[in-house]
Amino acid sequence: NTKNIDVSSGDWVAVQGNKSGHDIGKVTMKGELVALQIKRKNRDIEREPIKKLYRIASENDLENWKNAVANEDKVLVKAKRIIESHKLEMKLTDVEFQGDNSKATFYYTAEKRVDFRELIREYSQKFGVRIEMRQIGVRQEAAKIGGIGSCGRELCCSTWMVDFPAVSTSSARYQQLSINPQKISGQCGKLKCCLNFEL
């Protein structure tokens, strides 16, 4: 907050985007809590500098952002069809538009390396925005899609978890659980994160 803008928790603000443009975000904490949170997450702010706060979001900013978000589902469907036409071995999971509607990030999973140069060209022509392709793992995919776990609650990874620690079968063995892959695997196909929490 280099301009010393007076912000409160719950305010909508325009912030520096990734590489260019601006994004829209909600203030969740301020002051000393932020410094403690950065320390807790081991965030290296020299390697990854903190983005600038530009201004309190105007009605126009919020309107553009809402339109961009409303467009995401339609774009995702069209983008999946384009992948099918290119016969690429990748699975598109999610699309996120930047707050100023100038850039779209496409999240995908793939087992092998994929050459999507032609795909990016077609996407930028079709959707009229800058394109970024970002590969994610199966756990991040489950977190983005969301769902209900076997406990009957929303998935931990799509609600409160911020990182995904490794889970090993020893966590299940120590708790004397049967090593039945169907029972101890989550929606992502990997071992359930809650095996660690229970341990």
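Report on the accompanying structure. (Residues numbered from 1 in each chain as written. Predicted model: local features only at pLDDT ≥ 70, side-chain atom pairs only at ≥ 80, totals over all residues. Heavy atoms only, no water.)

### Quick notes on the sheet that holds strand β5 (residues 103-109)
And then number 1: Spatially, 3 strands are ordered β4-β5-β6 in an open sheet, and the strand pairing comes out mixed. Strand pairing shows two members of the sheet lacking a second neighbour, β4 (91-97) and β6 (130-135), which therefore form its edges. Ignoring strand direction, the axes of neighbouring strands in this sheet form an average angle of 25°.
And then number 2: In the sheet, β4 pairs with β5 via 6 bridges, with the strands oriented antiparallel. Bridge pairing in β5 places Phe 97 opposite Ala 104.
And then number 3: Of the strands in this sheet, β4, β5 and β6 are in contact with helix α3 (residues 117-127), which crosses β6 at around 135°.
And then number 4: Where helix α4 (residues 138-145) meets the sheet, it contacts β4 and β5, and its direction lies at approximately 55° from that of β4. (Pairing = 2+ DSSP bridges. Helix = DSSP H or I, 4+ residues; strand = E, 2+ residues; numbered from the N terminus. Axes fitted to C-alpha atoms, helices over the stretch in contact; angles between N-to-C directions. Contact = heavy atoms within 4.5 Å.)

### Quick notes on the packing of helix α2 (residues 59-86) against α3
And then number 1: For the pair α2 and α3, the least separation of the axes is 11 Å and the interaxial angle reads 145°. α3 is crossed by α2, and the crossing has right-handed handedness. For the pair α2 and α3, the contacting residues are Val 75, Lys 78, Ala 79, Lys 80, Ile 82, Ile 83 and His 86 in the first and Glu 118, Leu 119, Glu 122, Tyr 123, Lys 126 and Phe 127 in the second.
And then number 2: Of the residues in the contact of α2 with α3, the class split is 7 nonpolar, 1 polar and 5 charged. (Left-handed = near helix turned anticlockwise from the far one by under 90°. Nonpolar A, V, L, I, M, F, W, Y, C, P; charged D, E, K, R; others polar.)

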